[in-house]
Amino acid sequence: MGIPTVKREKQHYLINTLHSLLYELSEEQKKDCVIIVFVAEVNAEYVNSVAESIKTSFPREIQSGILEVISPPASYYPDLSNLKKTFGDSEDRVRWRTKQNLDYSFLMLYAQPKGTLCGISTNFQNYIRVFKAGVNIKLVIFKQQQKYLNMHLLVLLSGKLFKSEDLPLIVEFFLMFYKDKPIDWLIDHLLWVKVCNPEKDAIHCEKEKAELRIRAKPSLFQHMGIYSSLAGKIQNLKDKDFGKNVLHKAHNNPPAKVDTSLQIYQQYTLEKIYKGEDCFWASAPVAGDYIRFTFLNPLKIERYFFRSGNMEHPGDKLFNTTVEVLPADVSLSKFNYPATKDGYLKIGAFENGIAEGGVSQSIGKIQAIRLSVNSDSPVWAILSEVSMKVVSIHCKDFEQCIEIGTT
Ligand SMILES: *[C@@H]1O[C@H](CO)[C@@H](O)[C@H](O)[C@H]1NC(C)=O
């Protein structure tokens, strides 16, 4: 796997991405895998600082050779200051896309002979599944894989799989036209050259190209980041093979408004899990993020249960996250729980992806339950189970039930 990275304000994407890539690899899989970080910068001080931080974060992986860090010699890049502006791109963008062509080419050539060492893995999906949190970093995968010439795991060049024996040709093509077009267009042209017949029509051409360009549906890679200009996609790996119910569990919860500061992924909204219809799924939480359930009528909760992660994405757990409740009447009782500045009481925390417990009835009725994330997470977050058990009461009449806030 090749990971090009360039200097940016938010360098920590790289370390998070590497954590994410390595997260679920077994020792066995690690033996069959090389990750090459290509620092596409020529400032030695900067390159060394990146290398150092990777070494500090992944000493074992560097030692064992599963992780390599490389950078190009300064002489590799031609003068990028006087490029011809084409296709309505700004000067900056032309420079960026031109350098990107060169960067990918360098990385591909470096990685090419390593790819042939890898066997064809029947475990391909396993490799892929760990890459999903690759935020804002271009991922190119190299693996000898008979079936795929070019497997698009993502739009643009990020997350593509090539047969290593095809890489020299691809790179030669890039290097011939690197000043002319962005890299995703060049790939398309290359495929055109390979399989399209100028005497036939565009439909024929598209069909032929599609034979070579196998697009994983749904996409297997994640390419999103708050600081990215490129929106990306992630999807369930095997949603065809997996019953939806395996991935989340429904519970009967009291009526509530739900909201979150997390960046929700596609249709996996918080409402879905609260109503038991689907998982909640969001991009990697940072310290200060929250997930909140505000009851329409304050009520007494007996027990709560939250499960993060699911079978498909067991790594997408909530870490360092506390469970907090907002009492309906703060003045009523003295609480034995630490309180937040905004009046929530911390009653529990996630451990190994699960938070559960009883709620002391001394707290009385509760307005809201909130999950608060205390530190940045390298992984995305899934809630696959949310359960709030209302104190079972036998209300004598409708009025009393309303008052108690149950139905
Ligand atoms: C949880 O977050 C707090 C606040 O950022 C931090 O001090 C603490 O070390 C974190 N705990 C763990 C286990 O990461």
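Predicted model only: the values in this text are computed from it and were never measured.

Asks: Which residues make up the packing of aromatic side chains, and what values go with them?
Replies: Scanning the model with the defined rule gives 14 aromatic pairs in all. With centroids separated by 5.9 Å and ring planes inclined at 15°, the aromatic side chains of Y265 and Y268 adopt a geometry described as stacked. The exposure class of Y265 is buried, given its relative accessible area of 3%. Counting every residue linked through ring pairs, the aromatic cluster contains Y274, F293, Y304, F306 and F350.

Asks: Quick rundown of the sheet that holds strand β8 (residues 256-260)? Include the residues and the values.
Replies: Strands sit in the order β8-β10-β15-β12-β13 across an open sheet of 5 strands; the sheet is antiparallel. Of all the strands in the sheet, the pair left with one neighbour each is β8 and β13 (345-349). Averaged over all pairs of adjacent strands, the angle between strand axes in this sheet comes to 20°, irrespective of strand direction. Bridge count between strand β10 (residues 290-299) and strand β15 (residues 366-373): 6 bridges; the pairing is antiparallel. Considered in β15, the bridge of R292 is made with R370.

Asks: Before we move on, could you go through the nonpolar core and cite the residues and values that matter?
Replies: In terms of nonpolar packing, the biggest core is built from 33 residues, with F293, F306 and L383 touching the most fellow members. Setting aside its immediate chain neighbours within four residues, F306 contacts F293, V323, F350, G353, I354, A355, I369, L371, L383, E385, V386 and M388. Counting 18 residues, the second largest nonpolar core, distinct from the first, contains L21, V37, Y46 and V50.

Asks: Please provide a residue-by-residue account of the environment of S53, values included.
Replies: As for its position among the elements, S53 is in helix α3 (residues 44-57). Residues S53 and L14, spaced 39 residues apart in sequence, show a C-alpha to C-alpha distance of 9.9 Å.

Asks: Which residues make up the side chain of T98, and what values go with them?
Replies: Structurally, T98 is set in helix α5 (residues 91-115). The exposure class assigned to T98 is buried, which follows from its relative accessible area of 0%. The residues touching T98, leaving out its near neighbours within four places in the chain, are L80, L83, Y178 and K179.

Asks: An account of the state of the cysteines is requested, with residue identities and associated values reported.
Replies: Taken as a whole and judged by the stated rule, the model has 1 disulfide. Residue C196 pairs covalently with C205 via a disulfide, S to S 2.0 Å. Between C196 and C205, the S-S dihedral sits near 75°, and the bridge is therefore right-handed.

Asks: Give me the lowdown on the site of the ligand, citing residues and values where you can.
Replies: Taken together, N320, N374 and S375 make up the full set of residues near the ligand. Contacts to the ligand include N320, whose side-chain N or O atom sits 2.4 Å from an oxygen atom. When the free accessible area of the ligand is taken as 360 Å², the share hidden by the protein chains comes to 27%.

Parameters at a glance
- Residues numbered from 1 in each chain as written.
- Predicted model: local features only at pLDDT ≥ 70, side-chain atom pairs only at ≥ 80, totals over all residues.
- Heavy atoms only, no water.
- Phe/Tyr/Trp six-rings, centres within 6.5 Å; stacked < 30°, edge-to-face > 60°.
- Buried < 20%, exposed > 50% of the residue type's maximum accessible area, 1.4 Å probe, protein only.
- Pairing = 2+ DSSP bridges.
- Helix = DSSP H or I, 4+ residues; strand = E, 2+ residues; numbered from the N terminus.
- Axes fitted to C-alpha atoms, helices over the stretch in contact; angles between N-to-C directions.
- Core = buried A, V, L, I, M, F, W, Y, C linked by side-chain atoms within 4.5 Å.
- Contact = heavy atoms within 4.5 Å.
- Disulfide = S-S within 2.5 Å.
- Near = heavy atom within 4 Å.
- Polar contact = N/O pair within 3.5 Å; in protein donor to acceptor, adjacent residues only side chain to side chain.
- Areas by Shrake-Rupley, 256 points an atom, 1.4 Å probe, with all protein chains shown as cover.

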